[in-house]
Amino acid sequence: MKNFIIAGFALLLFGLAGGVCATSPDAQETSPAVHIAPAIRSSALPAASAATISGRALLPLLRLPMVLDAVALASAPRIVAAPEKRAYLGKDDQMYVQGDLHGASEFRIVRAGRRLSDPASKESLGDEVIPLGKAVLQEQTADGLHRFLIMDATREIAIGDRLMAMPAEAPRAISPRRSLQAIDALIVSIADGADLAAQHQIVAINKGARDRLGEGELLSLSAAKTMSRTAQTLQLQQLPQEECGRLMIVRVFDRVSYGLIIQAREPVQVGDKAYAPQPEKANTRDVE
């Protein structure tokens, strides 16, 4: 048996076949050691319940991107200066903004991201903007600029970033439910610019409010690669579509929606499918 003292605790090693215990040096004489043995799970951990996710807890933590058209983004108020000629800003810093505030006083700070397009139709779906923080109006200066105080920052804020007015409504709970219509969508982007997504990450799909998609709807995920080459005939064969995960829609725009991956058995990438089958019709057989 070997005895190691680490930060006021004793780590007792009982050999390769034994256990491991951690106890306070003062307690070794008075209390019995608790032995911990390694174990191997024979089954997967239970999936997170979508019913426990609410808008109040989800949206601020995930800091979901937004989608705007190019005209709305170009006309948004813009950060033009900072005290002491600073290039980057953070929480509790002041900044000067140029543009029409339309009477609002609380704003999101955003940065232009990728331009989203439909992989199938090549139609432009809008410009993705990345939330950077929040700011509140302090006063209008003599030269027509607006002085703001940065209340919160999740990334560095730079000259040229834009401001979007904060919505007035409070965050609302998202209730997961099965889709009542057939949905056949494609993943067009992964939040934070990652190449692959896993459970608890956010992805965007090419369906939105115009397709009657709503918050809380549950979609199945499947890989885009559905072709297989046989060794005998060297011909491509269509593979059956198999579900590899679940997606819950958490924010809907006109042509784009963002969803939270609540279950994934393999990595998810741009081009994969998000779908809901046609709901089965009720059995109309006459009951004698």
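Structure: above.
Our subject in this report is the structure included herewith. Quick caveat, the model's predicted, so the values are computed rather than measured. (Residues numbered from 1 in each chain as written. Predicted model: local features only at pLDDT ≥ 70, side-chain atom pairs only at ≥ 80, totals over all residues. Heavy atoms only, no water.)

**A short note on the overall build of the chain**
Secondary structure assignment for the chain yields 2 helices and 21 strands. Here the chain holds 288 residues, and 35% of them are scored as buried. Within the chain, residue pairs in contact and separated by at least 24 positions form 64% of the contacts whose partners lie at least 6 positions apart. Accessible surface computed for the chain: about 17900 Å², of which carbon and sulfur atoms make up 53%. (Helix = DSSP H or I, 4+ residues; strand = E, 2+ residues; numbered from the N terminus. Buried < 20%, exposed > 50% of the residue type's maximum accessible area, 1.4 Å probe, protein only. Contact = heavy atoms within 4.5 Å. Areas by Shrake-Rupley, 256 points an atom, 1.4 Å probe, with all protein chains shown as cover.)

**Quick notes on the side chain of Ser257**
Within the element layout of this structure, Ser257 appears in strand 20 (residues 257-264). Taking the relative accessible area as the measure of exposure, Ser257 reaches 0% and is therefore buried. Here the side chain of Ser257 touches Lys207 through a polar contact of 2.7 Å, landing on its backbone oxygen. Look past the residues within four positions of Ser257 in its chain and what remains in contact with it is Val203, Ala204, Ile205, Lys207, Gly208, Leu213, Ile249, Arg251 and Val252. (Polar contact = N/O pair within 3.5 Å; in protein donor to acceptor, adjacent residues only side chain to side chain.)

**Structural notes on the nonpolar core**
One finds Val67, Leu116, Val129, Ile202, Val250, Val256 and Tyr258 to be the most contacted residues of the largest nonpolar core, which totals 23 residues. Among the elements of the structure, strand 4 (66-68), strand 8 (106-117), strand 9 (124-140), strand 15 (202-205), strand 19 (245-252) and strand 20 are those that each provide at least two residues to this core. Judged by nonpolar contacts, the second largest core, of 17 residues, contains Ile187, Val203, Ile249 and Ile261. (Core = buried A, V, L, I, M, F, W, Y, C linked by side-chain atoms within 4.5 Å.)

**A word on the pairing of strand 9**
Pairing of strand 4 with strand 9 involves 3 bridges; the strand directions are antiparallel. From the neighbouring strand, Met66 faces strand 9, where its bridge partner is Val129. Sheet topology note: the strand 8/strand 9 ladder contains 10 bridges and is antiparallel. Its bridge partner being in strand 9, Arg108 is matched across the sheet by Lys134. Linking two consecutive strands that pair antiparallel, namely strand 8 and strand 9, is a turn of 6 residues; a positive phi of about 65 degrees is found at Lys122 within it. Both strand 9 and strand 10 (residues 146-153) contribute to a ladder of 7 bridges, which runs antiparallel. Within strand 10, the residue paired with Val136 across the bridge is Leu149. Where strand 9 folds back on strand 10, the antiparallel hairpin that results is connected by 5 residues, among which Gly144 adopts a positive phi of roughly 90 degrees. (Pairing = 2+ DSSP bridges.)

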